[in-house]
Amino acid sequence: MAIEAPDYFRPESGMVLTHLLIVRDVDRSREFYRRVLGATVVRERQPAILLFHNSYIVINDEGGPTDDKPTVRAQAPADPDTLSGAMNIRVTDVHAVYEQWRSRGGEFLTEPKDHGVEIRCYLRDPDGYLIELGQGTGILADPGGTAGD
């Protein structure tokens, strides 16, 4: 069942949840998400906004504090091997999407691995953000989270 994304700028009701990425080069990152993941560019920059199926990815530059967050600096990940957050993308055929994104230049850490309750693999964007690509194979049948971690 396909779910349409609400209008990012004016949702009809409720809220819209997006994923903000702070990057070193907005153009490079925007093109990665457009070319490799197939996202649609809604706004080019300041910030770049991309429609990705039923959600949005917002991409913006690094920078200093602003008047509404006076002590906060925006920075891309300093170390791509230290995980503090990741995008999780669930699909119906992880192997097909893995092959599609690889053919578009996506560089995966490994091929899809079967963990019992899900099949998953990971790739990084140009700034080192981790993207998990996965397919559930029974994760909801294990409500305690004890299998296949």
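We now turn to the structure provided with this report. Because the structure is a prediction, the values reported are computed rather than measured.

Structural notes on the pattern of salt bridges
Here comes step 1: Per the stated rule, a full pass over the model turns up 13 salt bridges.
Here comes step 2: Here Arg 102 ties to Glu 99 by a salt bridge, and the two come within 3.8 Å at their closest N and O atoms. One end of the pair, Arg 102, and the other, Glu 99, are both in helix H2 (residues 94-103), 3 residues apart, so they sit about a helical turn from each other.
Here comes step 3: Judged by its relative accessible area of 42%, Glu 99 falls in the partly exposed class.
Here comes step 4: Between Lys 113 and Glu 111 there is a salt bridge, and its shortest N-O distance comes to 2.9 Å.
Here comes step 5: Classification of Lys 113 as partly exposed rests on a relative accessible area of 35%.
Here comes step 6: With a relative accessible area of 41%, Glu 111 lands in the partly exposed category.
Here comes step 7: One connected set of salt bridges, linked through shared partners, spans Asp 27, Arg 30, Glu 31, Arg 34, Glu 44 and Arg 45.

Details of the packing of aromatic side chains
Here comes step 1: Inspection of the entire model under this criterion finds 4 aromatic pairs.
Here comes step 2: A ring pair is formed by Phe 32 and Tyr 33, whose centres lie 5.0 Å apart and whose planes are at 85°; its orientation type is edge-to-face.
Here comes step 3: With relative accessibility at 6%, the residue Phe 32 sits in the buried group.
Here comes step 4: An aromatic cluster of at least three residues, connected via ring pairs, comprises Tyr 8, Phe 9 and Tyr 56.

A few points about unusual backbone geometry
Here comes step 1: With an omega of -10°, the peptide bond running from Gln 46 to Pro 47 counts as cis.
Here comes step 2: Within the secondary structure, Pro 47 is located in the loop between strand E2 (40-43) and strand E3 (48-52).
Here comes step 3: The backbone phi angle of Gln 46 is positive, close to 55°, even though this residue is not glycine.
Here comes step 4: Given the relative accessible area of 57%, Gln 46 is considered exposed.
Here comes step 5: Phi angles above zero are rare outside glycine, and His 53 is one such case at about 55°.
Here comes step 6: By the secondary structure assignment, His 53 is in the loop between E3 and strand E4 (55-61).

Points about the sheet that holds E3
Here comes step 1: Pairing is mixed across the open sheet formed by 4 strands, whose spatial order is E1-E4-E3-E2. If you trace the sheet from one side to the other, it starts and ends with strand E1 (18-23) and E2, each paired once. Averaged over all pairs of adjacent strands, the angle between their axes in this sheet comes to 30°, without regard to strand direction.
Here comes step 2: Of the strand pairs in this sheet, E3 and E4 are connected by 5 bridges, and their pairing is antiparallel. Its bridge partner being in E4, Ile 49 is matched across the sheet by Val 58.
Here comes step 3: Helix-sheet contacts for helix H1 (residues 26-35) involve E1, E2, E3 and E4, and the interaxial angle to E4 is about 160°.

Cut-offs and rules
Residues numbered from 1 in each chain as written. Predicted model: local features only at pLDDT ≥ 70, side-chain atom pairs only at ≥ 80, totals over all residues. Heavy atoms only, no water. Salt bridge = Lys/Arg side-chain N within 4 Å of Asp/Glu carboxyl O. Helix = DSSP H or I, 4+ residues; strand = E, 2+ residues; numbered from the N terminus. Buried < 20%, exposed > 50% of the residue type's maximum accessible area, 1.4 Å probe, protein only. Phe/Tyr/Trp six-rings, centres within 6.5 Å; stacked < 30°, edge-to-face > 60°. Pairing = 2+ DSSP bridges. Axes fitted to C-alpha atoms, helices over the stretch in contact; angles between N-to-C directions. Contact = heavy atoms within 4.5 Å.

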